[in-house]
Amino acid sequence: MVFVASTDVDHLVEFKYRPRIKAPNGAPGEGSKRAGRDGEDVILPVPVGTIIKDLESNEVLCDLRTTGERFVAAEGGRGGVGNAAYATPTRRAPRFAKPGLAGEERTLILELKTIADVGLVGFPNVGKSLLISKVSRARPEVADYPFTTLTPHPGVVELGGYRSFVIADIPGILEGAHKGIGLGHQFLKHIERTTILLLVVDASPFCQLPPREQLIILGKELKKYSLPLSLKPRMVAFNKTDLLDEASREALERAEKYCRRLKMTSFRISALRGDNLKELLETLYARVYEERHPEEPFPL
Ligand SMILES: Nc1nc2c(ncn2[C@@H]2O[C@H](COP(=O)(O)OP(=O)(O)O)[C@@H](O)[C@H]2O)c(=O)[nH]1
Ligand SMILES: [Mg+2]
């Protein structure tokens, strides 16, 4: 039974529907001293980032971080030895043989490591990095040009009273859109590993795309990709509201109406001035809490 990290799978849902997996048996030996066929390996592809633990000891057996990495979870049993092997000149056909042994059996826990509770998604330059650096100790580079690294920058948001969650700036969306590239694969793998998406939108008059159009394009890009991704809970942060003028305020109101129609909670914030960040974080935390404890109501 071999687990292999693969970029072709994004989640572990298959294992939920197929909790018991058995490798096929080998075949018994045959006449004319022929050995039976060996049992075949079962190859189980899992997403990169899957951790495999032993159910009983809770010990981490492996952390499949790179594509193609393998973990042999259970060995097949040794085959038996036929009576021909025990033949002697005086006993040509012994009436005994050594039976094959059963293969290993074990119960494992598969976990897909998330990089963050909240993943920030937005066009370049909308203020994702500045927001992260304002609400956590992470210090991603803040730049007034579209920054193009594809590494997420997770930061811990502390709200006091042991309440905290991880937020990650995930650059990459539409960075190559002008070249018709759309979402990078790397980027998608990162947001797969977050629980909630915060769509960050530039509401300032200096942004070429009005906020509602930014949301529509982000929504389309996310939908193009996959079902699990399009089902993730979303919230919206309209950023740079310190720069609003009359026209951009109206455009923002249209975008807010669009959010209400899609039942997405939205906030007007300024990462630069710190406006409304507390309210945004508290609401995000409440949503993260719900995701972590789906069966309990959020304590008010
Ligand atoms: N006026 C104003 N500028 C902001 C605000 N948030 C970010 N910026 C500026 O927008 C630029 C891009 O910010 P950055 O965080 O690097 O954007 P990212 O590409 O989304 O990570 C920087 O020059 C920031 O200082 C804001 O709330 N108000
Ligand atoms: Mg950035």
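Quick caveat: nothing in here was measured; it's all calculated off a predicted structure.

Caption draft 1: Inspection of the pairing of strand 3 (residues 50–54) at higher detail. The buried fraction of strand 3 amounts to five of the five residues, a majority that puts the element mostly inside the structure. Taking every second residue as pointing to the same face, both faces of strand 3 are buried, with T50, I52 and D54 on one and I51 and K53 on the other.

Caption draft 2: A look at the nonpolar core. Counting residues in hydrophobic clusters, the biggest one holds 48 residues, and the most contacted among them are V118, F165, L198, L199 and F238. Looking at this core element by element, the count peaks at seven residues for helix 7 (residues 277–292). Those residues in contact with F238, other than ones at most four positions away along the chain, are V201, A203, P211, L215, L252, A255, E256, C259, S266, F267, R268 and I269. The next biggest cluster of nonpolar side chains, apart from the first, holds 15 residues, and it includes L12, L44, V48 and A73.

Caption draft 3: Expanded view of the pattern of salt bridges. Scanning the model with the defined rule gives 11 salt bridges in all. Note that E282 is salt-bridged to R163, the shortest N-O span being 3.0 Å. In this pair, E282 sits in helix 7 while R163 sits in strand 9 (residues 163–169), placing the two residues 119 residues apart along the sequence. Across the salt bridge formed by K240 and D202, the nearest N and O atoms sit 3.2 Å from each other. A residue pair is termed long-range when its members are at least 10 positions apart, and K240 in the loop between strand 11 (234–239) and helix 6 (246–261) and D202 in strand 10 (residues 194–202) qualify at 38 residues. Counted as one network, the salt bridges with shared partners bring together R163, K278 and E282.

Caption draft 4: Structural context of the environment of V60. Its place among the elements puts V60 in strand 4 (residues 60–64). With a relative accessible area of 46%, V60 lands in the partly exposed category. Sequence-wise, V60 and I109 are 49 residues apart; in three dimensions their C-alpha atoms are separated by 9.2 Å. Excluding residues within four positions of it along the chain, V60 makes contact with I51, I52 and K53.

Caption draft 5: Layout of the packing of aromatic side chains. On inspection of all chains with the given rule, the structure shows four aromatic pairs. Ring geometry for Y86 against F96: centres 5.5 Å apart, planes inclined by 45 degrees, an arrangement best described as tilted. Here Y86 is found in the loop between strand 5 (70–72) and strand 6 (108–112), whereas its partner F96 is found in the loop between strand 5 and strand 6, with 10 residues between them in sequence. On the numbers, 6.3 Å between centres and 55 degrees between planes, the contact of Y285 with Y289 is tilted. Here the residue Y285 and the residue Y289 both occupy positions in helix 7, the gap between them amounting to four residues, near one helical turn. Residue classification places Y289 among the buried positions, given a relative accessible area of 14%.

Caption draft 6: Highlighting helix 6. Spanning 16 residues, helix 6 covers 23 Å between terminal C-alpha atoms, matching the ideal 22 Å at 1.5 Å per step. Buried within helix 6 we find S248, A251, L252, A255, E256, Y258 and C259. Taken end-on, helix 6 shows its buried residues confined to a sector of 155 degrees, consistent with a single buried face. Along helix 6, the residues that are exposed and aim more than 90 degrees away from the buried face are E246, A247, R254, K257, R260 and R261. Between a side-chain oxygen at the N-terminus of helix 6 and the backbone nitrogen of A247 the separation is 3.4 Å; the capping residue is D245. Directly beyond the C-terminal end of helix 6, a positive phi value near 55 degrees is found at K263.

Caption draft 7: Molecular detail of the site of ligand 1. Not every one of the 18 residues close to ligand 1 is listed here, only the nearest: N125, K128, S129, L130 and D242. Take K128: an N or O atom from its side chain is 2.9 Å from an oxygen atom of ligand 1. Against a free-state accessible area of 590 Å², the protein chains account for coverage of 87% of ligand 1. Per element, the largest residue contribution to the shell around ligand 1 is three residues, and it comes from helix 2 (residues 128–135).

Caption draft 8: Representation of the sheet that holds strand 8 (residues 153–160) within the structure. One open sheet holds the six strands; their spatial order is 8-9-7-10-11-12, and the pairing between them is mixed. The open sheet has two free edges, formed respectively by strand 8 and strand 12 (265–268), since each of these has just one partner strand. The average undirected angle you get between the axes of adjacent strands in this sheet is 25 degrees. Pairing between strand 8 and strand 9: seven bridges, direction antiparallel. Within strand 9, the position partnered with G155 by the bridge is I167. The strands touched by helix 2 are strand 7 (116–121), strand 8, strand 9 and strand 10; relative to strand 9, the strand with the most contacts, the crossing angle is about 155 degrees.

Caption draft 9: Summary view of unusual backbone geometry. Even without a glycine there, the phi angle at N58 is positive, about 65 degrees. Here N58 lies in the loop between strand 3 and strand 4. One non-glycine residue with positive phi stands out, namely N276, at about 65 degrees. Position of N276 among the secondary structure elements: in the loop between strand 12 and helix 7.

What counts and how
In this convention, every chain numbers its residues from 1, walking through the sequence in written order. The lettering of chains begins at A and the numbering of ligands begins at 1, in the order of writing. Only residues with pLDDT of at least 70 get local features here, since the model is predicted, and only at 80 or more are side-chain atom pairs given and counted; chain-wide, interface and lining totals rely on the full set of residues. Remark: hydrogens and water are excluded; side-chain values derive from all non-hydrogen atoms of the structure. The classification of residues rests on relative accessible area computed with a 1.4 Å probe and restricted to protein chains. Under 20% of the type maximum is buried, over 50% is exposed, and intermediate values are partly exposed. Only DSSP runs of H or I reaching four residues or more are called helices, and only runs of E reaching two or more are called strands; each is numbered from the N terminus. Note on terminology: a nonpolar core comprises buried Ala, Val, Leu, Ile, Met, Phe, Trp, Tyr and Cys residues joined through side-chain atoms within 4.5 Å. Here, two residues are considered to be in contact whenever any of their heavy atoms come within 4.5 Å of each other. For salt bridges, the criterion is a side-chain nitrogen of Lys or Arg within 4 Å of an Asp or Glu carboxyl oxygen. Note on aromatic pairs: the rings of Phe, Tyr and Trp (six-membered ring only in Trp) are paired at centre separations within 6.5 Å, and the planes decide the class, stacked below 30 degrees, edge-to-face beyond 60, tilted for the rest. To estimate how far a helix should reach, multiply one less than its number of residues by 1.5 Å. Within this analysis, the arc is defined by the directions that extend from the helix axis to the C-beta atoms. Under this definition, polar contacts are N or O atom pairs within 3.5 Å; protein pairs additionally need one hydrogen-donor-capable and one acceptor-capable atom, and for neighbouring residues in sequence, both atoms have to be side-chain atoms. The cutoff for a nearby residue is simple: one of its non-hydrogen atoms must lie within 4 Å of the molecule or strand. Computed by Shrake-Rupley with a 1.4 Å probe, the accessible areas treat only the displayed protein chains as cover when residues are assessed. A pair of strands counts as paired when DSSP detects no fewer than two bridges linking them. For helices, the axis comes from a line fit to the C-alpha atoms of the stretch in contact; other axes are also lines fit to C-alpha atoms, and the angle between any two N-to-C directions lies between 0 and 180 degrees.

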